[in-house]
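# Structure assessment
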Amino acid sequence: MSSFKSMPKKTFIVIVIIFLLIAVLHIWNNYEIVTRDSSPGWSNALTLKTEKLSKKPIVEVAEDKTVISVFAVGDENGKIGMMKLNTNMSIKDDYVLELEPINFNQIIKDEIYLINKHLLWRNYKDFSIYIASFDKEYKSIISYEKIFENVENFDAKKDGNNTYMALAKKDGSVDLVKIEEGNMIVLESPNDLSDVKRVKIVIDQDKVFLQSACRKNGELRYNIFVSEYSGGNWNNSIKVDSLVEVRKQYRDMTLGIDKNFVYSFVVTIWDNASQNTYSITGYNKEDKKLFKHKIVEDVRHMGIGSFSSIPILINSSNDLEVITSAPTRLDDFNSKSNIIKLTFNPEGFKNAAMISNTKDSSSKVSLAEGDGNQYVFWVEPKGFRGNIYKVVSNNQSAIDYADKFNFANVVEAISYEFPVPVYLFFLSFVTRIFQFMPAFLWLLVLLIFGSKYKEKKDILLIIGMVIFLISQVFFMDLYYSDLTMNYMLKIINFTGAKYVIPIIITLLGYILTIIYRKEKPLASTSNIYFTFLATSYFDLNYIFAPYVFIYTLMS
């Protein structure tokens, strides 16, 4: 039996060309997967920079629509990295500013905000709030100062040109502060709250909603309240939730508003510190009646696994919008965690959309909104290389920009083809060897009886080809699962492909035998059939090898 090493030149060249053509089709398909938009209406992910520290990006949209982001620079104190992005997410400027009092290693729970040309943060070492003011272009820091002391926790939100801050003081009281035209005004505090440890605020029209986590020293129970501030007065605080820390621990909380309801999300961690549970409560805006309490760890019926981050709640005139992270079955890559966007109402979660369609674990999500567009930032770990910051947007200009040709995407697409020969080996000699057996048995028949029936060579070859074709068609369902079809080349992913592809491969194998017989007129029937069988079998498996092992390939 002839080997590929002693194979005639033209036959060998045809075999190589067929394999190269299949490889090119794979790479083309890989490129489409790599550059595929996360979800309809969202851009493909763009890489911004790599930094040593893994900190949540601090972002806002400036008055001129430029997207501004502040980053930790290495582990250096007294410096902040600044990046300005155009609305299409291309980098406009990237620079570092000196800011003497800042130390990112002393900022916990991401207590740092960029609002209205101010950077606000809390240093947990001295329990103080600091403010730094930027110039109009964010190119320099005009001033910085310590503005509050003895603060246990704080939150800040933007309301037009004004900024609101809620301060949980070390004595358990709460202060509501408004920054208006550079003036800092301490407003009236709610008088029915005490032992406040954590606070969040949301601005909705002319009201400030305050979420408070209260706990007496030494106790295990957190009580969660929501208070409303309007017209210079606070309403009576509404107790919406209660958490006893035994096996589960309080991690954080957040507040959101939609057209009808106020929502309180309390995030807890159980034994598995990477798995977040959302305790969701809230009430109707009109009658203040609580809706049914929900404990949610995942949304598996929508293909979403255990939540892995603090959710961002986006006020909406319809259902509440939620951005969070979790492993999903919606993504193209085998990732531990992706950023997703859902909607929520008292009935539960719905309408899931992918935000970060990347192969590395996505976390520490941030959101900037402006001019009707949303810009979602996050961090992905890269081992010794540090942490990569990425961004997507639903701005059409960002979608168009991300879809432009990028040579780095080509390199990534090619890299996915390198391990495919290994998958081809396993597919051919382990996974599908049983499907190969009928044709292999016919090859044994030709080895034993082929010389006896030389005059019937063509008939014997055609019978063998038919046996190969039928055996392959019969087992084509192995290739066409729900998972593989999501990644598969469009030219092989259509109704009837299970029959058309084996027929095409068999015809190519038949043409190859014609070329082989012209180069080796005295070749035995068994050698000719072996050439057909080996090339056709490997060609067919090579076409589908990446998709059978797709989760290994894309991890």
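Residues numbered from 1 in each chain as written. Predicted model: local features only at pLDDT ≥ 70, side-chain atom pairs only at ≥ 80, totals over all residues. Heavy atoms only, no water.

## Quick word on the sheet that holds strand S26 (residues 348-354)
Read across the sheet, 4 strands follow the order S23-S24-S25-S26 without closing on themselves; strand pairing throughout is antiparallel. Of all strands in the sheet, those bounded by a partner on one side alone are strand S23 (312-314) and S26. With direction set aside, neighbouring strand axes in the sheet form an average angle of 30°. Pairing of strand S24 (residues 320-326) with strand S25 (residues 338-345) involves 7 bridges; the strand directions are antiparallel. By the bridge assignment, Ile 323 is partnered in S25 with Lys 341. (Pairing = 2+ DSSP bridges. Helix = DSSP H or I, 4+ residues; strand = E, 2+ residues; numbered from the N terminus. Axes fitted to C-alpha atoms, helices over the stretch in contact; angles between N-to-C directions.)

## Observations concerning the packing of helix H5 (residues 433-449) against helix H9 (residues 525-548)
It is at 9 Å that the axes of H5 and H9 come closest, and there the two elements cross at 165°. Considering their axes alone, H5 and H9 lie roughly antiparallel with respect to each other. Crossing handedness for the pair H5 and H9: left-handed. On H9, the residues that touch Ile 433, Phe 436, Ala 439, Phe 440, Trp 442, Leu 443, Leu 446 and Leu 447 of H5 are Thr 525, Ser 526, Tyr 529, Phe 530, Leu 533 and Tyr 537. Class assignment for the residues of the contact of H5 with H9 results in 12 nonpolar, 2 polar and no charged. (Parallel < 35°, antiparallel > 145°, perpendicular 65-115°, else oblique. Left-handed = near helix turned anticlockwise from the far one by under 90°. Contact = heavy atoms within 4.5 Å. Nonpolar A, V, L, I, M, F, W, Y, C, P; charged D, E, K, R; others polar.)

## Overview of empty space enclosed by the protein
Any empty space left between atoms is shown by rolling a water-sized probe over those atoms. By the definition in use, this model includes 2 cavities of 30 Å³ or more. When its volume is computed, the largest cavity comes out at roughly 60 Å³. Around the largest cavity, the lining residues are Lys 109, Glu 111, Tyr 113, Asn 153, Phe 154, Arg 198, Val 199, Lys 200, Tyr 250, Asp 252 and Met 253. Secondary-structure elements contributing two or more residues to the lining of the largest cavity are strand S10 (151-159), strand S14 (196-204) and strand S19 (249-257). Class assignment of the residues belonging to the lining of the largest cavity gives a composition of 5 nonpolar, 1 polar and 5 charged. (1 Å grid on protein atoms, 1.4 Å probe; cavity = no way out; pocket = protein on both sides within 12 Å on 5 of 7 lines; lining within 4 Å. Points joined across faces, edges and corners; volume = space filled by probe spheres on them.)

## A look at the layout of surface pockets
Taken as a whole, the largest pocket holds about 1,600 Å³ of empty space. In this structure, the largest pocket is lined by 48 residues; those nearest its centre are Lys 56, Tyr 113, Lys 157, Ile 312 and Leu 367. For the lining of the largest pocket, a count of residues per class yields 24 nonpolar, 9 polar and 15 charged. Its volume calculated, the second largest pocket comes out at about 690 Å³. In terms of lining, the second largest pocket is formed by 28 residues, of which the most central are Ala 45, Thr 47, Lys 390, Asn 409 and Glu 412. Broken down by secondary-structure element, the contributors of at least two residues to the lining of the second largest pocket are strand S1 (46-51), strand S29 (387-393), helix H2 (396-402) and helix H3 (407-415). In terms of residue count, S1 provides more of the lining of the second largest pocket than any other element does, 4 residues in total.

## Concerning the sheet that holds strand S21 (residues 276-284)
Spatially, the 4 strands line up as an open sheet ordered S19-S20-S21-S22, and their pairing is antiparallel. In this open sheet, the two strands that pair with only one neighbour each are S19 and strand S22 (294-296). Between one strand axis and the next, the sheet turns through 20° on average, direction left out of account. As defined by bridge partners, strand S20 (residues 261-269) adjoins S21 across 9 bridges and the pair is classed as antiparallel.

## Description of the packing of helix H8 (residues 497-519) against H9
Relative orientation of the contacting elements H8 and H9 amounts to 145°, with a least axis distance of 9 Å. Considering the relative orientation of H8 and H9, their crossing is right-handed. Two secondary-structure elements touch here, H8 through Ile 501, Pro 502, Ile 505, Thr 506, Gly 509, Tyr 510, Leu 512, Thr 513, Tyr 516 and Arg 517 and H9 through Asn 527, Ile 528, Thr 531, Phe 532, Thr 535, Ser 536, Asp 539, Leu 540, Ile 543 and Phe 544. Split by residue class, the contact of H8 with H9 holds 11 nonpolar, 7 polar and 2 charged.

## Brief notes about the pairing of strand S9 (residues 141-148)
Taken together, the 6 bridges between strand S8 (residues 128-134) and S9 define a ladder with antiparallel strand orientation. Looking at the pairing, Ile 129 lines up with Phe 148 of S9. Hairpin remark: S8 followed by S9, antiparallel, with 6 residues in the connecting loop; positive phi at Tyr 138, about 60°.

## A word on the pairing of S24
Burial runs high along S24: 7 of the 7 residues are buried. For S23 and S24, the ladder comprises 3 bridges, and the chain directions are antiparallel. Counted as the bridge partner of Leu 313 is Val 322 from S24. Between S23 and S24, which follow one another and run antiparallel, lie 5 residues. (Buried < 20%, exposed > 50% of the residue type's maximum accessible area, 1.4 Å probe, protein only.)

## Regarding the packing of aromatic side chains
Under the definition given, this model contains 29 aromatic pairs. For the pair Phe 429 and Phe 538, a centre-to-centre distance of 5.8 Å together with 55° between the ring planes defines the contact as tilted. Of this pair, Phe 429 sits in helix H4 (residues 420-431) while Phe 538 sits in helix H9, and the two are 109 residues apart along the sequence. Accessibility expressed as a relative area gives 44% for Phe 429, which makes it partly exposed. Taking the relative accessible area as the measure of exposure, Phe 538 reaches 21% and is therefore partly exposed. Among the aromatic residues, those joined into a cluster by ring pairs are Phe 261, Tyr 263, Phe 265, Tyr 278, Phe 291, Phe 307, Phe 344 and Phe 349. Taking NZ or CZ as reference, Lys 139 lies 3.9 Å from the ring centre of Tyr 95, over its face. (Phe/Tyr/Trp six-rings, centres within 6.5 Å; stacked < 30°, edge-to-face > 60°. Lys NZ or Arg CZ within 6 Å of the ring centre and 35° of its normal.)

## Describing unusual backbone geometry
For Lys 117, which is not a glycine, the phi torsion comes out positive at approximately 65°. Note that Lys 117 resides in the loop between strand S6 (112-115) and strand S7 (118-123). Positive phi, close to 55°, is recorded for Asn 150, a residue that is not glycine.

## Some words on H4
Three or more residues of H4 are buried, namely Val 420, Tyr 423, Leu 424, Leu 427 and Ser 428. Down the axis of H4, the buried side of the element spans an arc of 125°, and every buried residue falls inside it. (Arc of directions from axis to C-beta.)

## So, the pattern of salt bridges
Enumeration over the complete set of coordinates arrives at 25 salt bridges. For Arg 300, the salt bridge identified is with Asp 298, shortest N-O distance 3.2 Å. By relative accessible area, Asp 298 is classed as partly exposed at 22%. Residue Lys 498 is joined to Asp 477 by a salt bridge in which the shortest nitrogen-to-oxygen separation is 2.6 Å. Highlighted residues: Lys 498 in helix H8 and Asp 477 in the loop between helix H6 (457-474) and helix H7 (482-487), separated in sequence by 21 residues. Given the relative accessible area of 30%, Lys 498 is considered partly exposed. Via salt bridges that share partners, Lys 49, Glu 51 and Asp 94 belong to a single interconnected network. (Salt bridge = Lys/Arg side-chain N within 4 Å of Asp/Glu carboxyl O.)

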